[in-house]
Amino acid sequence: MTNSVSPSAFDTWAERIKLKESLRAPLKLVYCDRRTPTWAARECGLSPATITRAVKQYPFGLCPCCGTLVPLF
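Residues numbered from 1 in each chain as written. Predicted model: local features only at pLDDT ≥ 70, side-chain atom pairs only at ≥ 80, totals over all residues. Heavy atoms only, no water.

## Some details on the packing of aromatic side chains
The description of two aromatic rings rests on the distance between their centres and on the angle between their planes.
Thinking step 1. Tallying each qualifying case throughout the model produces five aromatic pairs.
Thinking step 2. Consider the rings of Trp 13 and Tyr 31, whose centres lie 6.1 Å apart with planes at 90°: the pair is edge-to-face. In this pair, Trp 13 is assigned in helix H1 (residues 7-17) and Tyr 31 in helix H2 (residues 21-32), connecting sequence segments 18 residues apart.
Thinking step 3. Overall, the relative accessible area of 0% leaves Trp 13 in the buried class.
Thinking step 4. Given the relative accessible area of 5%, Tyr 31 is considered buried.
Thinking step 5. These aromatic residues form a ring-pair network of at least three members: Phe 10, Trp 13, Tyr 31 and Phe 60.
Thinking step 6. We note Arg 35 situated over the ring of Trp 39; from NZ or CZ to the ring centre the distance is 4.3 Å. (Phe/Tyr/Trp six-rings, centres within 6.5 Å; stacked < 30°, edge-to-face > 60°. Helix = DSSP H or I, 4+ residues; strand = E, 2+ residues; numbered from the N terminus. Buried < 20%, exposed > 50% of the residue type's maximum accessible area, 1.4 Å probe, protein only. Lys NZ or Arg CZ within 6 Å of the ring centre and 35° of its normal.)

## Focus: the pattern of salt bridges
Thinking step 1. One pass over the full model with this rule turns up three salt bridges.
Thinking step 2. With a shortest N-O distance of 3.0 Å, Lys 28 and Asp 11 are connected by a salt bridge. With Lys 28 in helix H2 and Asp 11 in helix H1, this residue pair connects regions lying 17 residues apart in the sequence.
Thinking step 3. Overall, the relative accessible area of 26% leaves Lys 28 in the partly exposed class.
Thinking step 4. You can call Asp 11 partly exposed: its relative accessible area is 38%.
Thinking step 5. In this structure, Arg 24 and Glu 21 form a salt bridge, with 3.6 Å as the shortest nitrogen-oxygen distance. Linking Arg 24 with Glu 21, this pair stays in helix H2, spanning three residues, or about one helical turn.
Thinking step 6. For Glu 21, a relative accessible area of 60% puts it in the exposed group.
Thinking step 7. Connected via shared salt-bridge partners are Glu 15, Glu 21 and Arg 24. (Salt bridge = Lys/Arg side-chain N within 4 Å of Asp/Glu carboxyl O.)

## Some thoughts on the environment of Ser 22
Thinking step 1. As for its placement among the helices and strands, Ser 22 is situated in helix H2.
Thinking step 2. Taking relative accessible area as the criterion, Ser 22 reaches 47% and is therefore assigned partly exposed.
Thinking step 3. Here the alpha-carbon distance between Ser 22 and Cys 44, two residues 22 residues apart in the chain, equals 9.0 Å.

Scope: geometric values only; no functional claims are made or implied.
Next comes the structure, spelled out in structure tokens:
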């Protein structure tokens with residue numbers, strides 16, 4: 001991941017893929033604030049393994065079902 005994601009783009013993507021509420025805050029820290037999954041998990045009171053798996057399962061901008069790009073605008 002080389003660039004951070006804008007919070008509004010993250011929110012649009014999360015809404016369109018129906019991302020679980022419990023994963024929104026930690027993944028927003030990872031994608032928007034460029035925090036590590038371990039740091040984001042601890043900040044949100046979750047297991048680091050949970051967020052590491054979520055980052056792999058939900059790559060930003062892609063549909064988790066089919067892997068196609070999700071239109072953000």
